[in-house]
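# Descriptive structure summary
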Amino acid sequence: MEEKLHHNRPKYLNLLKIRQPIPAVVSILHRISGVLLFFPGIPFLLCGLQLLLESPQGFEILQGSINNPMIKLMLLLSLWFFLHHLCAGIRHLLLDMQVGIALEQARTGSKLVLIAGFVLTTLSGLVLW
């Protein structure tokens, strides 16, 4: 009896050591990018928009801060959040329409989302930098 109880105990799962399949990683990154776009993204965007429209001095302050390489890097990261979220959202819409549901297609679609997010961010960064 005691041996039977030992086998039914919950197991400790270290989520950092479990290797997730690529569709799961893309799905998790989609959720994280959505949260990061919502919480720090919207307030920073609104603050920048207010500074931009407030006065010519505010515009110059914003323009000067955007020339800072660290701010450019943060903007590039935010751009990746947006582009990854957009590509993963399109993938999820296709999955809702029963397109790409097979395992190999889901893996390929996930890889395409990661590649597209990276390539679009790199191209946008080259244009904007």
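Okay, so let's go over this structure.

Calculation notes
Residues take numbers from 1 onward in each chain, read along the sequence in its written order. In view of the model being predicted, local features appear only for residues whose pLDDT reaches at least 70, and side-chain atom pairs are presented and counted only at 80 or more, with totals across whole chains, interfaces and linings using the full set of residues. Side-chain metrics rest on all non-hydrogen atoms present in the structure, leaving aside hydrogens and water. Where helices and strands are cited, they refer to DSSP runs of H or I of at least four residues and of E of at least two residues respectively, numbered from the N terminus. When a residue's accessible area, from a 1.4 Å probe over protein chains only, is under 20% of the maximum for its type it is buried; when over 50% it is exposed; and in between it is partly exposed. Pairs of residues are marked as contacts when any of their non-hydrogen atoms sit within 4.5 Å. Criterion for a salt bridge: a side-chain nitrogen of Lys or Arg within 4 Å of a carboxyl oxygen of Asp or Glu. A cavity here means a set of 1 Å grid points, computed over protein atoms only, where a 1.4 Å probe fits but cannot escape. A pocket is an open set with protein on both sides within 12 Å along at least 5 of 7 lines, and lining residues have an atom within 4 Å of a point. Grid points are joined across faces, edges and corners, and a volume is the space filled by probe spheres set on the points. When residues are grouped by polarity, Ala, Val, Leu, Ile, Met, Phe, Trp, Tyr, Cys and Pro land in nonpolar, Asp, Glu, Lys and Arg in charged, and all others, Gly among them, in polar. Here the positive residues are Lys and Arg and the negative ones are Asp and Glu; neither His nor the chain ends is included.

### Concerning the side chain of histidine 84
Note on placement: histidine 84 falls in helix α4 (residues 69–96). Taking relative accessible area as the criterion, histidine 84 reaches 0% and is therefore assigned buried. In contact with histidine 84, not counting residues within four places along its chain, are Val26, Leu29, His30, Ser33, Val113 and Leu114.

### Remarks on the pattern of salt bridges
Working definition: two side chains of opposite charge can pair if their charged atoms are close together. A full pass over the atoms with the stated rule returns 1 salt bridge. Of the charged contacts in the structure, one is a salt bridge between arginine 107 and glutamate 104, with a shortest N-O distance of 4.0 Å. You can see arginine 107 and its partner glutamate 104 sitting in helix α5 (residues 103–128), 3 residues apart, about one turn around the helix.

### Overview of the layout of surface pockets
If you add up the space inside the largest pocket, you get close to 1,100 Å³. In terms of lining, the largest pocket is formed by 29 residues, of which the most central are Phe44, Ile71, Met74, Leu75 and Ser78. Classifying every residue of the lining of the largest pocket gives 22 nonpolar, 6 polar and 1 charged. Around the second largest pocket, the lining residues are Cys87, Ile90, Arg91, Leu94, Leu95, Val99, Gly100, Gln105, Ala106, Gly109 and Val113.

### Some points on unusual backbone geometry
The phi torsion at glutamine 98 lies on the positive side, around 65 degrees, for a residue other than glycine. Tracing the backbone through its elements, the reader meets glutamine 98 in the loop between α4 and α5.

### With respect to the side chain of lysine 72
Here lysine 72 is to be found in helix α4. Buried and unpaired, lysine 72 has no salt bridge, with glutamate 60 as the nearest side chain of opposite charge at 17 Å. Other than its neighbours up to four places away in sequence, lysine 72 contacts Ile66, Asn67 and Trp129.

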